[in-house]
Amino acid sequence: KTTLELTIDTLKTTDGLPKSDSLMIQMLADSTTRKVTSDNFTSILQRKGNIFTGDITWMVQRWLKGEPQFPNHGALLTLLDEDISAARIAFYGSRSADKTVRPKLKIVYMKKL
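Basis of the calculations
- Residues numbered from 1 in each chain as written.
- Predicted model: local features only at pLDDT ≥ 70, side-chain atom pairs only at ≥ 80, totals over all residues.
- Heavy atoms only, no water.
- Core = buried A, V, L, I, M, F, W, Y, C linked by side-chain atoms within 4.5 Å.
- Buried < 20%, exposed > 50% of the residue type's maximum accessible area, 1.4 Å probe, protein only.
- Helix = DSSP H or I, 4+ residues; strand = E, 2+ residues; numbered from the N terminus.
- Contact = heavy atoms within 4.5 Å.
- Phe/Tyr/Trp six-rings, centres within 6.5 Å; stacked < 30°, edge-to-face > 60°.

Asks: Can you help me understand the nonpolar core in this one?
Replies: Formed by 16 residues in total, the largest nonpolar core has its most connected members in Leu4, Ile25, Leu45, Phe52, Ile56 and Met59. Counting only elements with at least two residues in this core, the list comes to strand 1 (2-7), strand 2 (22-30) and helix 1 (57-65). Residues in contact with Met59, not counting those within four places in the same chain, are Ile25, Gln26, Met27 and Ala75.

Here's what the structure looks like:
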């Protein structure tokens with residue numbers, strides 16, 4: 001199981017009322033064109049406080065299998081209401097001075113018998 005956790009940078013975020021409560025995540029086939037993979041599979045990251053969290057096991061499993069139709073070109077995050085909202089959600093990055101707010105990829109695995 002793999003869980004992605006992103007912490008909102010409240011100083012760089014502009015959010016409306018009600019606050020954006022979920023993000024869609026899709027696997028990119030091409031990061032330069034923002035084209036998603038042909039299966040168009042998605043997961044939802046749910047918001048609790050200032051943290052978005054969601055299960056992306058399917059994405060990591062595909063990357064690890066090395067299937068050519070699912071290369072690791074990253075992920076596309078989209079607000080579910082972005083077409084009708086003026087919200088701009090910013091997240092702390094991997095170089096944030098505060099290590100507790102950096103993006104986290106939590107992986108639980110089992111050894112094959």
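Asks: Which parts of the structure should I look at to understand the packing of aromatic side chains?
Replies: Given two aromatic rings, one states the distance between the centres and the angle between the planes to describe the pair. Counted by the stated rule, this structure contains 2 aromatic pairs. With a centroid separation of 4.7 Å and an interplanar angle of 70°, the aromatic rings of Phe41 and Trp58 are classed as edge-to-face. Taken together, the positions of Phe41 in the loop between strand 3 (35-36) and strand 4 (42-48) and Trp58 in helix 1 put the pair 17 residues apart, joining distant regions of the chain. A ring pair is formed by Phe52 and Phe91, whose centres lie 5.8 Å apart and whose planes are at 80°; its orientation type is edge-to-face.

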